[in-house]
Amino acid sequence: MRGRHLAALGVAVVALVLSTACGGSDDKPAAGGKPAPTAAAEPATGETSPAAEESSPASALPDACTLVSKADAEKLAGTPVDDAVAVRESCTYTAPVTGPTAQVEVYVGDGAKKYLDIERDLGHEVRPLSGVADEAHLTLEAFFIRKADVWVAVRLVRLNDPEENRKPLEGLARVVAGRM
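Below, the structure is looked at part by part. The structure displayed is predicted, hence computed values, not measured ones. (Residues numbered from 1 in each chain as written. Predicted model: local features only at pLDDT ≥ 70, side-chain atom pairs only at ≥ 80, totals over all residues. Heavy atoms only, no water.)

In terms of regular secondary structure, the chain is built from six helices and seven strands. The order of α-helices and β-strands along the chain, N terminus first, is α-α-α-α-β-β-β-α-β-β-β-β-α. Across the 180 residues that make up the chain, the buried fraction comes to 34%. Restricting to contacts in the chain with at least 6 residues of sequence separation, those with at least 24 account for 55%. Roughly 10500 Å² of accessible area belongs to the chain as shown, and the carbon and sulfur atoms make up 56% of that amount. (Helix = DSSP H or I, 4+ residues; strand = E, 2+ residues; numbered from the N terminus. Buried < 20%, exposed > 50% of the residue type's maximum accessible area, 1.4 Å probe, protein only. Contact = heavy atoms within 4.5 Å. Areas by Shrake-Rupley, 256 points an atom, 1.4 Å probe, with all protein chains shown as cover.)

Now the structure itself:
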């Protein structure tokens, strides 16, 4: 039963990340696969364009791959991991296919908060984590941190007893909170 909930949660998180990463744009790719520049791309008067103003909150978010380094991910996963794959406000480290199954996912911003809300809605155990940032919570496979208005979630996927992950997750939560 928990496996179905985890699968549903994973699909929901991926859908959320993709929906924010794939904002609707009518720009058609030009040669080379890049969108053709538009006249509104750069303001003529030196003022910031509305598009630049809209993107500034996202640029204020910390870099997910900086919050959790490859060395942090390897320590948490207990195995070597491949280089990070960053997509917008997320970063994923995956163990090589030749090694044990492991993955560390880092989400920054609204997607991290939504992930926490989904965990609660599914009735998963969410424990408060005291002394970490302005607000922090811990589950058997993830932690969630809020510092000011910024949320960060880190999820660990391993094929082990999830109880073994609690202390390493808590330790990394404290490290990540210090980097925010």
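There is more to say, and it comes next.
What follows concerns the sheet that holds strand β2 (residues 90-94). Reading across the sheet, the seven strands line up as β1-β2-β3-β7-β6-β5-β4 and stay open at both edges, with antiparallel pairing between neighbours. Single-partner strands in this sheet number two, and they are β1 (85-87) and β4 (127-128). For strand β6 (residues 142-147) and strand β7 (residues 150-158), the ladder comprises six bridges, and the chain directions are antiparallel. Considered in β7, the bridge of R146 is made with W151. Across the sheet, helix α4 (residues 70-77) lies against β2, β3 (102-108) and β7, angled at about 45° from β7, the strand it touches most. (Pairing = 2+ DSSP bridges. Axes fitted to C-alpha atoms, helices over the stretch in contact; angles between N-to-C directions.)

Attention now moves to the pairing of β3. Judged by how many residues are buried, β3 sits mostly within the fold: six of seven residues are covered. Of the pairings in the sheet, the one linking β2 to β3 comprises five bridges and is antiparallel in character. Bridge assignment links Y93 to a residue of β3, and that residue is V104. Sheet topology places β3 next to β7; seven bridges connect them, and they run antiparallel. In the sheet register, V106 faces β7, and the bridge partner there is V154.

This part is about helix α5 (residues 110-121). The end-to-end C-alpha separation of α5 is 16 Å, in line with the 16 Å expected for twelve residues at 1.5 Å each. Residues G111, A112, Y115, L116, I118 and E119 constitute the buried set of α5. In a view along the axis of α5, the buried residues occupy a sector of 160°, so they form one face of it. α5 presents D110 and D121 as exposed residues on the side facing more than 90 degrees away from its buried surface. Following α5 by one or two positions, G123 adopts a phi angle in the positive range, close to 80°. (Expected span 1.5 Å × (residues − 1). Arc of directions from axis to C-beta.)

A word on the environment of A133. Summarising the element assignment, A133 is placed in the loop between β4 and β5 (135-138). Note on A133: relative accessible area 33%, which makes it partly exposed. Sequence separation between A133 and K147 is 14 residues, and the spatial gap between their C-alpha atoms is 5.4 Å.

What follows concerns the packing of aromatic side chains. Two aromatic rings, taken as a pair, are described by how far apart their centres are and by the angle between their planes. Throughout the structure, instances matching the rule amount to two aromatic pairs. Ring centres of Y115 and F144 lie 5.0 Å apart, and the angle between their planes is 75°; this geometry places the pair in the edge-to-face category. Remark: F144 occurs in strand β6 and Y115 occurs in helix α5; sequence separation between them is 29 residues. You'll find Y115 and F144 in the same group, each marked buried. (Phe/Tyr/Trp six-rings, centres within 6.5 Å; stacked < 30°, edge-to-face > 60°.)

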